[in-house]
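Here is what each chain is made of, one letter per residue.
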Amino acid sequence: MFKKLPFILMTLTFVLVLAACGSKNDAGTEGATSNGSGSGEAAELSGNILAVGSTALQPLVEQAGQKFMAVDEYKNVTVQVQGGGSGTGLTQVSDGQATIGNSDVFAEEKLEDEAKAKELVDHQVAVVAIAPVSNKDAGVEDLTKQQLIDIFSGKITNWKDVGGADQAIVIVNRPSSSGTRATFENFALGTKVEDIQGSIQEDSSGTVKKLVSETPGAIGYLALSYLDDSLQVLKYEGVEATVENVEAGTYPVWAYQHMYTKGEPDAATKAFLDYMLSDEIQQTDVTELGYIPVSGMKVKRDAAGNLTQ
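None of the values given here were measured: they were computed from a predicted structure.

> I'd like to hear about the overall build of the chain, residue by residue, with values.
A count of helices and strands for the chain gives 11 helices and 14 strands. Sorting the 309 residues of the chain into buried and exposed places 41% on the buried side. For the chain, contacts bridging at least 24 residues in sequence account for 75% of all contacts bridging at least 6. If you sum the accessible surface of the chain, you get close to 15,600 Å²; carbon and sulfur atoms cover 51% of it.

Next up, the structure:
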């Protein structure tokens, strides 16, 4: 018995050493699983987001951006918003100069390089309706499609020719890079028109609103988010530009509000885009600013302009 004691002690020591090693390995495995499962504190989001483009979409993105940065979880993320028009936004996001390209039109409609358009990922955050507007003294409340074509092409130059005051028509247009102009030409006029001599061209929807409201005989077009009592909002073919008419598809002059990224967005940008689509923004800011939630639409439109129920 005494001869076997050293052997027994050695065996017990070996077993204890193995048990200790196993315990350490188990602890290490548990720690790795815990970290891998994300039970520890998540890394705080940080980064700079630059959204450039559509001035029709600009008020919504600016307001949502301020609310987003006020959320404690996103306090280290900066959101900057600039206008310049849809074409500018799409070009800058494609070239890597902006994080997000805000646009009133599909990328494939505006970018000439098809390969560049395919690199962009579309995030549709709202619908915007565009209404023809005039100075309140023009004396007109409703225009047909053909009357609008004749006015913007320079064939009709006096309001009296469409039932209004004896006053010269002053066109306040948008540049060719503007998504608002593209939407108006596509769905109100049904054709592109050349800029006529004597017309005014402005980059900003805010400036268009100011000019039309203050210039006798002026006509232009604006997103619903810019409309107020300082303007005469014109019916189109007898149909008012209301949320209900747009949702039902009876008022045709509308477009999706796109926020394009080059490829899939990074974590901070994705968080902002998700926030744009959250109920907090869609059911408050979107509707209060005159936009329409995409979820409310009873019709869909593709890049070719085709409508489906």
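From this point, things continue past the structure.
> Hey, could you go over the packing of helix α2 (residues 58-70) against helix α11 (residues 279-288) for me, with residue numbers and the actual values?
The axes of two packed helices give the description: the angle between them and the distance between them. Where α2 contacts α11, the axes come no closer than 11 Å and their chain directions differ by 135 degrees. With respect to their mutual orientation, α2 and α11 come out oblique. Where α2 crosses over α11, the handedness of that crossing is right-handed. When α2 is examined against α11, the residues L60, Q63, A64 and K67 are found in contact with a partner set consisting of E280, I281, T284, D285 and V286. A breakdown of the residues in the contact of α2 with α11 according to their chemical character gives four nonpolar, two polar and three charged.

> With reference to specific residues and values, describe the pattern of salt bridges.
A complete count under the given rule lists 10 salt bridges for this structure. D72 is the partner of K75 in a salt bridge, and the nearest nitrogen-oxygen pair spans 3.8 Å. On the basis of relative accessibility, which here comes to 47%, the residue K75 falls in the partly exposed class. Overall, the relative accessible area of 57% leaves D72 in the exposed class. By sharing partners, the salt bridges in this structure join R181, E185 and D195 into a single network.

> For the packing of aromatic side chains, give the residues involved together with the corresponding values.
The relative placement of two aromatic rings is captured by the distance of their centres and the angle of their planes. For the coordinates displayed, the defined rule picks out nine aromatic pairs. Members of the aromatic cluster, joined through ring pairs, are F68, Y74, F272 and Y275. Over the ring of F187 we find R301, and its NZ or CZ is 3.6 Å from the ring centre. A cation over an aromatic ring shows up here: R301 above the ring of W254, its NZ or CZ 4.2 Å from the ring centre.

> Before we move on, can you summarise the side chain of N158 with the specific residues and values?
With respect to the element layout, N158 can be found in the loop between α6 (145-152) and β7 (170-173). Judged by relative accessible area, which is 14%, N158 ranks as buried. A distance of 3.0 Å separates a polar side-chain atom of N158 from the backbone nitrogen of Q167.

> For the environment of I156, give the residues involved together with the corresponding values.
Its location among the elements puts I156 in the loop between α6 and β7. Remark: the alpha-carbon pair of I156 and I169, spanning 13 residues in sequence, is separated by 8.1 Å. The contacts of I156, once residues within four sequence positions are left out, are Q147, D150, I151, D161, V162 and I169.

> Explain α6 residue by residue, including any values.
Listing the buried residues of α6 in full gives L148, I149, D150, I151 and F152. Tucked inside the fold, the buried residues of α6 contact β5 (124-134), β6 (142-143), β7, α7 (179-189), β9 (218-223) and β11 (235-236). Count one or two residues on from α6 and you reach G154, which has phi positive near 90 degrees.

> Pulling in residues and values, what's your account of the pairing of strand β2 (residues 77-84)?
Here strand β1 (residues 47-53) runs beside β2; their pairing, made up of seven bridges, is parallel. For G53, the partnering residue across the bridge sits in β2 and is G84.

> Describe the side chain of N102, naming the residues involved and giving the relevant values.
Among the secondary structure elements, N102 is positioned in strand β3 (residues 100-103). N102 gets classed as buried once you look at its relative accessible area, which sits at 0%. Contact partners of N102, with chain neighbours within four places excluded, come to A51, V52, G53, S54, L57, V61, V81, S86, G89, H258 and M259.

> Describe unusual backbone geometry, naming the residues involved and giving the relevant values.
The bulk of non-glycine residues show a negative phi, and the bulk of peptide bonds are trans. For E237, which is not glycine, the phi torsion reads 55 degrees and is therefore positive. Mapped onto the elements of the fold, E237 is located in the loop between β11 and α9 (243-248). Here E237 falls in the partly exposed class, since its relative accessible area comes to 45%.

> Please provide a residue-by-residue account of the nonpolar core, values included.
With 80 residues, the main nonpolar core has L143, F152, F184, I219, M259 and F272 as its most contacted residues. In terms of residue count, β5 provides more of this core than any other element does, eight residues in total. Those residues within four positions of F272 in sequence are excluded, and the remaining contacts are I49, V61, A64, G65, F68, V79, I100 and M259.

Definitions and limits used
- Residues numbered from 1 in each chain as written.
- Predicted model: local features only at pLDDT ≥ 70, side-chain atom pairs only at ≥ 80, totals over all residues.
- Heavy atoms only, no water.
- Helix = DSSP H or I, 4+ residues; strand = E, 2+ residues; numbered from the N terminus.
- Buried < 20%, exposed > 50% of the residue type's maximum accessible area, 1.4 Å probe, protein only.
- Contact = heavy atoms within 4.5 Å.
- Areas by Shrake-Rupley, 256 points an atom, 1.4 Å probe, with all protein chains shown as cover.
- Axes fitted to C-alpha atoms, helices over the stretch in contact; angles between N-to-C directions.
- Parallel < 35°, antiparallel > 145°, perpendicular 65-115°, else oblique.
- Left-handed = near helix turned anticlockwise from the far one by under 90°.
- Nonpolar A, V, L, I, M, F, W, Y, C, P; charged D, E, K, R; others polar.
- Salt bridge = Lys/Arg side-chain N within 4 Å of Asp/Glu carboxyl O.
- Phe/Tyr/Trp six-rings, centres within 6.5 Å; stacked < 30°, edge-to-face > 60°.
- Lys NZ or Arg CZ within 6 Å of the ring centre and 35° of its normal.
- Polar contact = N/O pair within 3.5 Å; in protein donor to acceptor, adjacent residues only side chain to side chain.
- Pairing = 2+ DSSP bridges.
- Core = buried A, V, L, I, M, F, W, Y, C linked by side-chain atoms within 4.5 Å.

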